[in-house]
Amino acid sequence: MLLPFRRTHLFRTLAHTAALPSSPAAIGAAISPSHQRRYHAPPPSISTASLHHASLLLREHHHAPLLRRHTTTSIILRSAAPQATHPPSPLPHRPCPHCCSSPCRQLTSSRICRPFTKSSVLPPRETIIPRVTTSHETKLPVYTTAPLSMGSSPPQCQGVKGRRTMATYQPLEDKVAGESQTRGKPIRCRAAVSRKAGEPLVMEEVMVAPPMAGEVRIRIICTSLCHSDLTYWKLKEPPACFPRILGHEAVGVVESVGENVTEVAEGDTVLPIFIPDCGECIDCRSEKSNLCSKFPFEISPWLPRHKSSRFTDLKGEVLYHFLNVSSFSEYTVVDIDNITKISPAIPPNKACLFSCGVSTGVGAAWRTANVEKGSTVVIFGLGAIGLAVAEGARLCGASRIIGVDTNLEKFDVAKKFGVTEFVNPRNCGDKPVSQVIGEMTDGGADYCFECVGFASLVQDAFASCRKGWGKAIMVGVDKPGAMLNFSSVEMLHYGKSVMGSIYGGLKPKSHIPVLLQRLVDKELNVDNFITHEMKFEDINKAFDLLAKGKSIRCVMWMDK
Ligand code: CXF
Ligand code: ZN
């Protein structure tokens, strides 16, 4: 075995059988009507799309061979020097009576939230995190309460104001002054237009109309490439449509706002985020959901509020929007419900990652799964999303983070994100990977994340969970129409859960400021996600790198 990391434990899995279910033959039985009544379960086969609340395509293509089982001896390697050292804690996972049980306004350094210091830097899921209010004098977010102080850094109730540790990105402010001159007028700018499925994007000039009521026009500073862009670039059938301006991970500056927009002002730094957060509907008001029902999320060619496009090419032909963002353009228009104001102090190349990938993975561990301190986590697929789940699990204080991937090179990278142990399904002999995980964890993991986008892997994740409380969380997105099959008996008898997670279960306007504060405090590390940075005009190179599995995130700068 040529593996580039030290090993303290190298052990062969034994021939004894673990109690976990994993046989493909056991999978496929229909869920009985009585089960449906009991668990409010969907009909016999559960649509993966319904678990994600959308028919979407996201496939980590370079993971395609994941989980093929081969006949060589199963070898499990445990990394000797895990990045994250989180001793298991017997402490219950509940709010600290001093400062977390209700929104805290007055934290001082003497009132530290003890249960979450050191080993868990994210607040427990049940902590109420209010939406951020903004101060137009300072143009910086000011938090109404302080959920940000439960880490190892000193508590701070007053948001990011006055404690910026990173230099403000100056070019944003230089340009802001002139931008009001374009208010109310169409803007002619460069965009990378996807004109035909799978063909190189065309860098061309386009017209971006002024924002309509409830919308915001943004000058993009940085945009990065996510697998969903690749998926919808390649897809030939609906919901794909062309010509389209793809891109949904970005950061920018508000150029102008439409009628009735008061939440942001010209010059504010913002993240456009594909998930809306209106703050008013029953779902936005509930802590249990991030699925706004005012503008239910869909893969639409239009902006959500007026169901129309703000883009045309120079011949007057309409260009379609993508995921409510369309950031592969120097300017774009986004609904205010899809905008989160952030501090201009956050370096843009890092900030843009929070529009999708990093937040999706970290949120899946924090908000969807609610990983507790001392937990054992398994991540199927060590691409960008899987690595972000690892980072989230580490922040939540997980003790063991087991990465499953067929690509050995991923293991070396994954160590930097806190993955402590690795399983290569190709080396599991004739044992199903769930059996190997069952043996490693003495009965199954607490949380198993599927981050590739294969329905069959969700079943493996489910089978790798501990009976009684294990949760399998779907983060990867399989093709539309893909179905999940679970044994009715196993589902009934084992007491496990399967959960869908879109945007990591995060409510953008409440939770992104929490994550960004972790970034500022250097608790959340995103440096290792950025494998490439380039000029916007080199966007086709970025597509190529991601398609070949050579990048985690390519960040493109508009003005470099
Ligand atoms: C996807 C998740 C499903 C909807 C489209 C976007 N996430 C990230 O790219
Ligand atoms: Zn994405």
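Rules used in this analysis
- Residues numbered from 1 in each chain as written.
- Chains lettered and ligands numbered in written order.
- Predicted model: local features only at pLDDT ≥ 70, side-chain atom pairs only at ≥ 80, totals over all residues.
- Heavy atoms only, no water.
- Helix = DSSP H or I, 4+ residues; strand = E, 2+ residues; numbered from the N terminus.
- Buried < 20%, exposed > 50% of the residue type's maximum accessible area, 1.4 Å probe, protein only.
- Contact = heavy atoms within 4.5 Å.
- Pairing = 2+ DSSP bridges.
- Right-handed = clockwise from strand over helix to strand, strands pointing away.
- Salt bridge = Lys/Arg side-chain N within 4 Å of Asp/Glu carboxyl O.
- Donors = N, O, S within 2.8 Å, 3.2 Å for Na, K, Ca; no water.
- Tetrahedral: all angles 85-135°; square planar, octahedral: opposite > 155°, others 65-115°.
- pLDDT = per-residue confidence, 0-100.
- Axes fitted to C-alpha atoms, helices over the stretch in contact; angles between N-to-C directions.
- Parallel < 35°, antiparallel > 145°, perpendicular 65-115°, else oblique.
- Nonpolar A, V, L, I, M, F, W, Y, C, P; charged D, E, K, R; others polar.
- Polar contact = N/O pair within 3.5 Å; in protein donor to acceptor, adjacent residues only side chain to side chain.
- Phe/Tyr/Trp six-rings, centres within 6.5 Å; stacked < 30°, edge-to-face > 60°.
- Lys NZ or Arg CZ within 6 Å of the ring centre and 35° of its normal.

A.B. asks: Honestly, the overall build of the protein in this entry has me stumped. Any pointers?
C.D. replies: The helix and strand tally for the protein stands at 14 helices and 23 strands. Counting only residues that meet the buried cut, the protein has 61% of its 560 residues in that class. Across the protein, every contact between residues at least 6 apart in sequence was considered, and the portion connecting residues at least 24 apart equals 76%.

A.B. asks: Help me understand unusual backbone geometry, please; the structure alone is not making it clear to me.
C.D. replies: Leaving glycine aside, a negative phi is the common case for residues, and trans is the common case for peptide bonds. Omega for the peptide link from P238 to P239 comes to 10°, which places this bond in the cis form. Tracing the sequence through the fold places P239 in the loop between α4 (227-234) and β9 (249-257). In this structure, P243 follows F242 across a cis peptide bond, with omega equal to -5°. Assignment of secondary structure puts P243 in the loop between α4 and β9. Its identity as a non-glycine residue notwithstanding, D442 has a phi of 55°, on the positive side. By the secondary structure assignment, D442 is in the loop between α10 (433-440) and β18 (447-450). By relative accessible area, D442 is classed as exposed at 66%. Notably, K522 is not glycine yet its phi reads approximately 60°, a positive angle. With respect to the helices, strands and loops of the structure, K522 is situated in the loop between α13 (508-520) and β22 (530-535). The exposed category is assigned to K522, whose relative accessible area is 64%.

A.B. asks: Teacher, can you tell me more about the pairing of β22 here?
C.D. replies: The side chains of a regular strand alternate, first on one face of the sheet and then on the other. Looking at chain direction, β22 and strand β23 (residues 553-557) are connected through five bridges and run parallel. Across the sheet, the residue bridging to H532 is C554, located in β23. For the segment spanning β22, helix α14 (residues 539-547) and β23, crossover handedness is right-handed.

A.B. asks: Would you mind showing me how to read the pattern of salt bridges here?
C.D. replies: Pairing between side chains of opposite charge can happen when their charged atoms approach one another. Following the criterion strictly, the structure yields 27 salt bridges and no others. Of the charged contacts in the structure, one is a salt bridge between R217 and E255, with a shortest N-O distance of 2.6 Å. Taken together, the residues R217 in strand β8 (residues 215-224) and E255 in strand β9 connect sequence positions 38 residues apart. Given a relative accessible area of 0%, E255 falls into the buried group.

A.B. asks: Explain the environment of L230 to me, please; I cannot follow it from the model alone.
C.D. replies: Mapped onto the elements, L230 comes out in helix α4. Along the chain, L230 and G198 lie 32 residues apart, while their C-alpha atoms are 8.4 Å from each other.

A.B. asks: Where do I start with the coordination of the zinc ion (ligand 2) in this structure?
C.D. replies: Taken together, C226 (SG), H248 (NE2) and C356 (SG) make up the protein donors of the zinc ion (ligand 2), found 2.0 to 2.2 Å from the metal. Its four donor atoms give the zinc ion (ligand 2) angles of 99 to 128° at the centre, a pattern that matches the tetrahedral case. Taking relative accessible area as the criterion, C356 reaches 7% and is therefore assigned buried.

A.B. asks: Is there a simple way to think about the pairing of strand β10 (residues 269-272) in this case?
C.D. replies: Burial along β10 is two-sided: the face carrying T269 and L271 and the face carrying V270 and P272 are both buried. The sheet contact formed by β9 and β10 spans two bridges and is antiparallel. Across the sheet, the residue bridging to G252 is V270, located in β10. In this structure, β10 lies alongside strand β14 (residues 339-342), joined through four bridges in antiparallel fashion. Its bridge partner lying in β14, T269 is registered against I342.

A.B. asks: What am I meant to see in the sheet that holds strand β11 (residues 311-313) here?
C.D. replies: Pairing between sheet strands relies on hydrogen bonds along the backbone, with the strands arranged either parallel or antiparallel. The strand order β6-β7-β11-β12 describes an open sheet built from four strands, whose pairing is antiparallel. Two strands in the sheet have a free side with no partner beyond their single neighbour: β6 (187-193) and β12 (318-319).

A.B. asks: Would you explain the confidence of the model for the protein in this entry?
C.D. replies: For the protein, the mean per-residue pLDDT works out to 77, and 69% of the residues sit at or above 70. In this model, residues 1-45 is a region of pLDDT below 50 whose contacts with residues beyond four sequence positions or in other chains number 101 contacts. Below a pLDDT of 50 lies the segment residues 133-175, which in the model reaches 122 contacts outside its immediate sequence neighbourhood of four places, other chains included.

A.B. asks: Help me understand the packing of α4 against α14, please; the structure alone is not making it clear to me.
C.D. replies: It is the contact of α4 with α14, at a shortest axis distance of 10 Å, that shows an interaxial angle of 100°. It follows from the interaxial angle that α4 and α14 lie roughly perpendicular. Contacts between α4 and α14 involve H227, D229, L230 and W233 on the former and, on the latter, F543, L546 and A547. Among the residues forming the contact of α4 with α14, the class breakdown is five nonpolar, one polar and one charged.

A.B. asks: Which parts of the structure should I look at to understand the side chain of R553?
C.D. replies: Along the chain, R553 turns up in strand β23. On the basis of relative accessibility, which here comes to 3%, the residue R553 falls in the buried class. Engagement of the side chain of R553 in a polar contact is seen with the side chain of E249, the distance being 2.9 Å. For R553, the residues in contact, after removing those within four places along its chain, are S224, L225, C226, E249, L353, G357, A384, F529, I530, T531 and H532.

A.B. asks: Explain the packing of aromatic side chains to me, please; I cannot follow it from the model alone.
C.D. replies: To describe a pair of aromatic rings, one takes the distance between the centres and the angle between the planes. Overall, the coordinates contain nine aromatic pairs when judged by the stated rule. Grouped by ring-pair contacts, the aromatic residues W233, F328 and F543 constitute a single cluster. Geometry around W366 places R367 over its ring, the cationic atom sitting 5.5 Å from the centre. Above the face of the F462 ring, K496 is positioned so that its terminal group lies 5.0 Å from the ring centre.

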